[in-house]
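Listed here are the chains, written in short residue letters.
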Amino acid sequence: MRRRQRAGIVPRPLAAALALSIALAITIGTGRAAPPGSNVPDALTRRSGLQLARMPRAAQLYATNCQGCHGEVGSSAAEIPTLAGRVGYFTRIPEGRRYLVQVPNVALNANSDADIAALLNWLLATYSRAQLPPDFQPYTASEVGALRQARIEVATTRRRVIDALVAAGQIPSADALALPHIVLY
Ligand code: HEC
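Quick caveat, the model's predicted, so the values are computed rather than measured. Here the residue numbers are simple positions, counted from 1 along each chain's written sequence. Since the coordinates come from a predicted model, pLDDT governs what is reported: local features require at least 70, and pairs of side-chain atoms require 80 or more to be given and counted, while whole-chain, interface and lining totals use all residues.

Chemist: Mind showing me how you'd approach the overall build of the protein chain here?
Modeler: Counting its secondary structure elements, the protein chain contains 10 helices and 0 strands. Traced from its N-terminal end to its C-terminal end, the protein chain shows the element sequence α-α-α-α-α-α-α-α-α-α. Buried positions account for 25% of the 185 residues belonging to the protein chain. Contact between two residues is assigned when their C-beta atoms, built from the backbone, lie within 7 Å. Considering only contacts within the protein chain whose residues lie at least 6 apart along the sequence, 61% involve residues at least 24 apart. Runs of H or I in DSSP of at least four residues are treated as helices and runs of E of at least two as strands, each being numbered from the N terminus. Three exposure classes are used, based on other C-beta atoms lying within 10 Å of a residue's own C-beta, which is placed from the backbone: buried for 20 or more, exposed for 12 or fewer, and partly exposed in between.

See below:
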C-alpha cells in the first residue's frame, strides 16, 4: 500500500525532465527516419508529425490501402511481391499495364477509378521510376474503370506477362520479376 502511494507521486521537476527526454527522443528519431527528399508514406508521416492528413492524397491511399501488406518502402514479407524497383517493368507492355490494374487488391479496391489511377501513378513514380518506359503514359480514371471490370487468374496472367516482357526484350530475364519460392507461383 505504502509502496503504491509513493510510486504515484512523481516530483514535478522529475516529471518535466522525463517529458523533455521523451520529446527529445521522438525528435531525434524523426530527424533520422525522414530523409529530406523522401516521398514514402512512413517518412512523410514522421516528417509531418505523424499526420496522415498532411500527406498527398495518393500517398494517403497507399498508406491506408496497400502499405499494410506491401510495406512502407514497397517491400515487406517474402509472401508479398516486392513493388520497389520492379513494378514499373510491367508498364512496358500493354498486357503488363493491364495486369497492374487487374491484380485483385487493386481491381477490387473500394476507392474510385480516379483515386486508383492516382495511386498507381504515384506508386510507380515513387517506388519504381527507373523501371518505367521513357514514354510512360499515366493511368487515367477511365482506363482504370474499364480494366478493373475483368477478373484474372493471377498466377497464369503474371507468368504470361513476364514471358511477354522477356520476349519483347523489356527485361533481361524472368529473374527480374521472380518471386521467392515461398510464393506458390
Ligand atoms: C492483404 C494484403 C495486400 C494488400 C492490402 C494489397 N496487396 Fe498487392 N498484393 C498482395 C499479394 C499477396 C499479391 C500477389 C498476387 C496475389 O496473390 O493477388 C499482390 C500483388 C500486387 C501487385 C502485382 C505485383 C507483382 O509483382 O505481380 C501489385 C501491383 C499490387 N499488389 C499493388 C497493390 C496496391 C496498389 C495495393 C493497394 C491498393 C495493394 N496491392 C494492396 C497483397 C496485398
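Chemist: Looking at this structure, how should I read helix α10 (residues 154-167)?
Modeler: Every α-helical turn comprises 3.6 residues, leaving residues that sit three or four positions apart pointing alike. Here the expected length of a helix is defined as 1.5 Å per residue gap, with one fewer gap than residues. Taking 1.5 Å per residue, 14 residues should reach 20 Å; α10 reaches 20 Å between its end C-alpha atoms and fits that length. Buried within α10 we find Val161, Ile162 and Leu165. Take α10 and look down its axis: the buried residues cluster within an arc of 100°, on one side only. Of the exposed residues in α10, those oriented more than 90 degrees away from the buried face are Thr156, Asp163 and Ala167. Along its buried surface, α10 packs onto α6 (94-102). Once α10 ends, the next one or two residues include Gly169, with phi positive near 70°. Throughout, the arc means the angular range of directions from the helix axis out to the C-beta atoms.

Chemist: Can you walk me through the nonpolar core in this structure?
Modeler: Side chains of a nonpolar character, in soluble globular proteins, are inclined to be buried together. Ranked by size, the top nonpolar core spans 32 residues in total, and within it Leu119, Leu120 and Leu123 carry the most contacts. Tallying contributions element by element places helix α8 (residues 113-127) first for this core, with 9 residues. Here Leu123 is in contact with Tyr62, Leu83 and Val87, once residues within four sequence places are set aside. A set of buried residues qualifies as a nonpolar core if it consists of Ala, Val, Leu, Ile, Met, Phe, Trp, Tyr and Cys joined through C-beta atoms within 7 Å.

Chemist: Quick question: what am I supposed to make of the environment of Asp113 here?
Modeler: Looking at the secondary structure, you find Asp113 in helix α8. The exposure class of Asp113 is partly exposed, given the 18 C-beta atoms found within 10 Å. Once residues lying within four places of it in the same chain are set aside, the contact partners of Asp113 are Ala141, Val144 and Gly145.

Chemist: Looking at this structure, how should I read the packing of α6 against α10?
Modeler: The relative placement of two packed helices comes down to the angle between their axes together with the axis-to-axis distance. Where helices are involved, their axes are fitted lines through C-alpha atoms of the stretch in contact, as for all axes, and angles between N-to-C directions lie from 0 to 180°. With their axes 9 Å apart at the nearest point, α6 and α10 run at an angle of 150° to one another. Taken together, the axis directions place α6 and α10 in an arrangement best described as roughly antiparallel. In the crossing of α6 with α10, the sense of the turn from one axis to the other is left-handed. On α10, the residues touching Glu95, Gly96 and Tyr99 of α6 are Thr157, Arg158, Val161, Ala164 and Leu165. As a working rule, the residues Ala, Val, Leu, Ile, Met, Phe, Trp, Tyr, Cys and Pro are called nonpolar, Asp, Glu, Lys and Arg charged, and the rest polar, with Gly in that last group. A per-class count over the contact of α6 with α10 returns 4 nonpolar, 2 polar and 2 charged. We call two directions roughly parallel when the angle between them is under 35 degrees, roughly antiparallel when it is over 145, roughly perpendicular when it lies between 65 and 115, and oblique otherwise. For any helix crossing, the convention is left-handed if the near helix is rotated counterclockwise from the far helix by under a right angle, and right-handed if that rotation is clockwise.

Chemist: Is there a simple way to think about the packing of helix α4 (residues 57-65) against α8 in this case?
Modeler: The N-to-C vectors of α4 and α8 enclose an angle of 90°; their axes lie 9 Å apart at closest approach. Classified by the angle their axes make, α4 and α8 are roughly perpendicular. Contacts between α4 and α8 involve Arg57, Ala58, Ala59, Leu61 and Tyr62 on the former and, on the latter, Asp115, Ala118, Leu119, Trp122 and Leu123. Its residues assigned to classes, the contact of α4 with α8 shows 8 nonpolar, no polar and 2 charged.

Chemist: Is there a simple way to think about the confidence of the model for the protein chain in this case?
Modeler: Low-pLDDT portions of the prediction should not be read for the details of their coordinates. A residue's pLDDT is the predictor's confidence in that residue, given on a scale from 0 to 100. Scored by pLDDT, the protein chain has a mean of 83; 74% of the residues are at 70 or more. Low pLDDT, under 50, characterises residues 1-8; the stretch is placed with 0 contacts to residues that sit more than four places away or in other chains. The low-confidence segment residues 20-35, where pLDDT is below 50, has 8 contacts with residues more than four positions distant or belonging to other chains.

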